[in-house]
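Residue-level structural notes
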Amino acid sequence: MILEPEVETRPWEEQQELDDSAYREQLAYLMERSAFYREKLGIASAADAGGLAGIARLPLTEKAELKATASADNPIGTHLCVDRAEIARIYSTSGTTGTPSYIPLTAGDLDNWITGSARSYAASGVERGQRIVSTYNAGPFAAGAALASFDRIGLSHVPVGTGNTERLLRAIELLRPEAAVLTPSYAAYLAEQADLRDSSVKRVLVAGEPGGGEPAFRAALEQGWGARVTEAMGIGDIGVSLWGECEEQDGMHLGARGYVYPEVIDPATGDPETVDPGTGGPVTGELVLTHLRHRAAPLLRFRTRDHVQVRTSPCPCGRTGPRVRCIGRTDDMLIVRGVNVFPSAVREVVSGFAPDVSGHVLVRPKQPGVKQEPPLPVSVELARDRTADPALADAISSRLRDALIVQTEIELVPFGALKRSEYKSKLVAQAKVEG
Ligand SMILES: [Zn+2]
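Residues numbered from 1 in each chain as written. Predicted model: local features only at pLDDT ≥ 70, side-chain atom pairs only at ≥ 80, totals over all residues. Heavy atoms only, no water.

Now for the packing of helix 8 (residues 184–193) against helix 9 (residues 215–225). Relative to each other, helix 8 and helix 9 sit at 45 degrees, their axes nearing to 9 Å. In this view, helix 8 runs oblique relative to helix 9, as classed from their interaxial angle. Judged by the sense of rotation from one axis to the other, the crossing of helix 8 with helix 9 is left-handed. Between helix 8, through Pro184, Ala187, Ala188, Leu190 and Ala191, and helix 9, the contact on the second element is made entirely by Phe217, Leu221, Gly224 and Trp225. Looking at the contact of helix 8 with helix 9, its residues break down into eight nonpolar, one polar and no charged. (Axes fitted to C-alpha atoms, helices over the stretch in contact; angles between N-to-C directions. Helix = DSSP H or I, 4+ residues; strand = E, 2+ residues; numbered from the N terminus. Parallel < 35°, antiparallel > 145°, perpendicular 65-115°, else oblique. Left-handed = near helix turned anticlockwise from the far one by under 90°. Contact = heavy atoms within 4.5 Å. Nonpolar A, V, L, I, M, F, W, Y, C, P; charged D, E, K, R; others polar.)

So, about the coordination of the zinc ion. Surrounding the zinc ion are the protein donor atoms Cys246 (SG), His253 (NE2), Cys315 (SG) and Cys317 (SG), at 2.1 to 2.3 Å. Angles of 101 to 116 degrees at the metal separate the four donor atoms of the zinc ion, which places the site in the tetrahedral class. Of note, the donors binding the zinc ion are all from one chain and are spaced C-x6-H-x61-C-x1-C. Here the residue histidine 253 occupies a position in strand 9 (residues 252–254), and cysteine 315 occupies one in the loop between strand 12 (302–311) and strand 13 (323–329), the gap between them amounting to 62 residues. (Donors = N, O, S within 2.8 Å, 3.2 Å for Na, K, Ca; no water. Tetrahedral: all angles 85-135°; square planar, octahedral: opposite > 155°, others 65-115°.)

Our next topic: the side chain of threonine 330. By the secondary structure assignment, threonine 330 is in the loop between strand 13 and strand 14 (334–336). Among residues more than four places away in sequence, those in contact with threonine 330 are Pro267, Glu286, Arg305, Asp306, His307 and Phe342.

Another aspect to go through is the pattern of salt bridges. Evaluation of the coordinates by the stated rule reveals 25 salt bridges. Taking the shortest distance from any N to any O, the salt bridge between glutamate 62 and arginine 305 comes out at 3.4 Å. Of this pair, glutamate 62 sits in the loop between helix 3 (35–41) and helix 4 (63–68) while arginine 305 is found in strand 12, placing the two residues 243 residues apart along the sequence. The class for glutamate 62 is partly exposed, based on a relative accessible area of 29%. Between arginine 305 and aspartate 331 there is a salt bridge, and its shortest N-O distance comes to 3.0 Å. Of this pair, arginine 305 sits in strand 12 while aspartate 331 sits in the loop between strand 13 and strand 14, placing them 26 residues apart in sequence. Via salt bridges that share partners, Glu62, Glu286, Arg303, Arg305, Asp306, Arg329 and Asp331 belong to a single interconnected network. (Salt bridge = Lys/Arg side-chain N within 4 Å of Asp/Glu carboxyl O. Buried < 20%, exposed > 50% of the residue type's maximum accessible area, 1.4 Å probe, protein only.)

Before going further, it helps to examine unusual backbone geometry. Along the chain, alanine 354 connects to proline 355 via a cis peptide bond; the corresponding omega equals 10 degrees. Within the secondary structure, proline 355 sits in the loop between helix 10 (343–351) and strand 16 (357–363). A cis amide bond links proline 374 with the next residue in sequence, proline 375, at an omega value of -5 degrees. Structurally, the position occupied by proline 375 is in the loop between strand 17 (371–372) and strand 18 (376–382). The backbone phi angle of serine 241 is positive, close to 30 degrees, even though this residue is not glycine. Checked against the element boundaries, serine 241 lands in strand 8 (residues 239–245). By relative accessible area, which is 7% here, serine 241 ends up buried. In this structure, arginine 337 takes a positive phi of about 40 degrees despite not being glycine.

Attention shifts here to the environment of alanine 72. Relative to the assigned elements, alanine 72 resides in the loop between helix 4 and strand 1 (87–92). Using a relative accessible area of 80% as the deciding quantity, one classes alanine 72 as exposed.

Counting across every chain of the model gives four aromatic pairs. Both rings, one in tyrosine 91 and one in tryptophan 113, keep their centres 6.1 Å apart while their planes meet at 5 degrees; by these two values the pair is stacked. With tyrosine 91 in strand 1 and tryptophan 113 in helix 5 (residues 107–122), this pair connects stretches of sequence that are 22 residues apart. The same class applies to tyrosine 91 as to tryptophan 113, namely buried. Relative to tyrosine 189, the ring of tyrosine 186 has its centre 6.0 Å away and its plane inclined at 25 degrees; by these criteria the two rings are stacked. You can see tyrosine 186 and its partner tyrosine 189 sitting in helix 8, three residues apart, about one turn around the helix. (Phe/Tyr/Trp six-rings, centres within 6.5 Å; stacked < 30°, edge-to-face > 60°.)

With that out of the way, let us pick up helix 10. Across the nine residues that make up helix 10, a large majority, nine, are buried. Buried residues of helix 10: Pro343, Ser344, Ala345, Val346, Arg347, Glu348, Val349, Val350 and Ser351, and no others. Looking at the buried positions of helix 10, the neighbouring elements they touch are helix 9, strand 13, strand 15 (339–341), strand 16, strand 18 and helix 11 (390–404).

Ordered in space as 16-18-19, the three strands form an open sheet in which the pairing is mixed. The open sheet has two edge strands, strand 16 and strand 19 (408–413), and neither has a second partner. Ignoring strand direction, the axes of neighbouring strands in this sheet form an average angle of 25 degrees. Sheet analysis places strand 16 next to strand 18, joined by four bridges and oriented antiparallel. Among the inter-strand pairings, valine 361 is bridged to a residue of strand 18, identified as valine 380. Running over the sheet, helix 11 touches strand 16, strand 18 and strand 19 and is turned about 140 degrees from strand 19. (Pairing = 2+ DSSP bridges.)

Scope: geometric values only; no functional claims are made or implied.
See the structure below:
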């Protein structure tokens, strides 16, 4: 089902024109209201920056820069553009250290978030009148707005929260929902804990971490659940579930089209990666997002740290515009003798060895930091009742070398040896610091 057909199937060129004028207005708004961008952009007026065609000439925004401007007087930061009374909601990001980053929204911003998120989730095929069970403990986090999008679609929503497997399985058994929304890690965990193949759940919507779109990993989830698996993705600083996959399962559509403008850059140089319209991609790089109609604290060219692959071929569902698949978080990336390696990509290659393996992996870097010397140690968990076979380890290592151009040292570990997660998986072990 397409929630808003006239918007979502609009020719992409037409969307770009609308986005261009929204962007010009957004820039003028930033120059008028955002102390952060007035200082950062170093232009006399918004007109000097031109339209979207010139956006790549403007500087990128890093999360740390925004945070550095927060103060006791202004704990949100100098990118805040509205008065206190205009703020309808303040989310925060989990933040690994100390104080969280705050994400303010006006009532209009929040409504736009929910609209984009509803389009993204509706793309999965869930429909008005169906029942969905959700497993997010949204709490202070932006995911709460995603839950509101289920109301917008007209779903009957059963929240059960995270980490209560008993409650979830009981809800599925008794309330017979057609859909479930959870992290790919939790979906994988549940498929191991219970036989869900004959449950009422026919659509599993995964979000919150990369992996749901990886073919081998997805195939294992679909088999375990007896359901179709589609993924969605957002980023708290910009918006929840901005992207959502349709039933074609070939990358996520931009549900937040018109509210957000996407770019892809080379994470090392910051240069734009352009999509070849002739071949239709795939181009890969870091996703950069710009608000187009935001009011409370709009961001320009925000680095998401999500590494994506872009697809521009037409989608049979009729939605227009580029689609993305998330390959991994730039923050999780390792560089092994000059080659970028995403742990989720390692898991994807290893998952192709099912039914010999369980699909759980743990990359164990030898040195702290991003740069690693080969071979890269990887623990691969065997499937239930399988025993370690050196030939299997060799085959995995050889396929990883072919697919990812990385030399690995595979350790096969028994089923259950690697820690499961009821939220997000940790695919990389911390390297021990020497001394
Ligand atoms: Zn589609």
